[in-house]
Amino acid sequence: MEVKWCGFDYGQCIMEPGGLRNPRVFGDIYKELGKPEWVPDKIRKYRILKEKYGTYGRIKEGHRDEIYRFVLDNDPRAIELFGEKEQELLDMGEGLEDALAYLQSQGIALQVVSEMKKTLGAVGTDIVSKFLKRRGLVKYFRELVTPQGKIDLVNDTVDPKYKGHTKEDGSLYDVLARDLRERGIEPHEAVMVGDKPQTDIDPAHARGFKSIKYTGFVDLGESKADVVIQSFSELKTILKKKA
């Protein structure tokens, strides 16, 4: 598959949440706060949100305000500790950094395309930006495209043209296609990598993007993906730079 641009989803894709075990996170938080007896109720409430939204990744990207309000009772110290603990426990998808180094060496442009609908703080303090910076991935991804805008991870500035547009309704991909055309890249010369058919694969495919479904953490069912992979290392044999 020959491309000039490659976009990656964040949750359950770049970010591998397998190490983020809820009992450990909430246990650490409420032991530090001196309220260990609250832990079972916090875990119960977090699971209620998972039932509501389907995956923990979707909650973290699009509904963090509900975590803070419903689970953590808007307690500023609990919220601060939650952010610290999750960054410690989140991991990267298998073979990711090796694949990114390869794609960059090929001259393929890279961006993160996340369904992060809400940010609760200053630019660059959201969970996605913090993860990319903490893991040293900004050398591959300078920009983060979200419904909150396109965030420059180096200068902590925001281009508002994406604001209000989402992956799920497809409008974010419409803006992205126009953005890429301004850079001389047509949608058929671009590929989106992600795990969720309804946000990462099918809406992008409908707008002419190539698509690769990543199932290394979870397989979320049928999609219109051109290729399915279990490890990011497979990208080294699938993708190369379009002349």
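Residues numbered from 1 in each chain as written. Predicted model: local features only at pLDDT ≥ 70, side-chain atom pairs only at ≥ 80, totals over all residues. Heavy atoms only, no water.

> I'd like a rundown of the side chain of Lys167, residues and numbers included.
On the secondary structure map, Lys167 appears in the loop between strand 8 (157–159) and helix 8 (171–182). Excluding its chain neighbours within four sequence positions, the residues that come into contact with Lys167 are Asp9, Val113, Ser114, Glu115, Leu172, Tyr173, Met192, Gln198, Thr199, Asp200 and Pro203. (Helix = DSSP H or I, 4+ residues; strand = E, 2+ residues; numbered from the N terminus. Contact = heavy atoms within 4.5 Å.)

> Go over the pairing of strand 5 (residues 109–113), please, and point to the residues and values.
The element strand 5 is largely enclosed, with a buried count of four among its five residues. Both strand 2 (residues 5–8) and strand 5 contribute to a ladder of four bridges, which runs parallel. Residue Trp5 lies in a different strand from strand 5, and its bridge partner there is Ala109. (Buried < 20%, exposed > 50% of the residue type's maximum accessible area, 1.4 Å probe, protein only. Pairing = 2+ DSSP bridges.)

> For the nonpolar core, give the residues involved together with the corresponding values.
Residues Phe8, Leu137, Phe141 and Phe232 are the most contacted members of the largest nonpolar core, which totals 37 residues. Contributing elements (two or more residues each) for this core: strand 2, helix 6 (96–106), strand 5, helix 7 (127–134), strand 9 (190–194), strand 10 (210–214) and helix 10 (235–238). Tallying contributions element by element places helix 6 first for this core, with five residues. The contact partners of Leu137, leaving out residues within four places of it in the chain, are Ile14, Met92, Leu96, Glu97, Leu100, Phe131 and Leu132. (Core = buried A, V, L, I, M, F, W, Y, C linked by side-chain atoms within 4.5 Å.)

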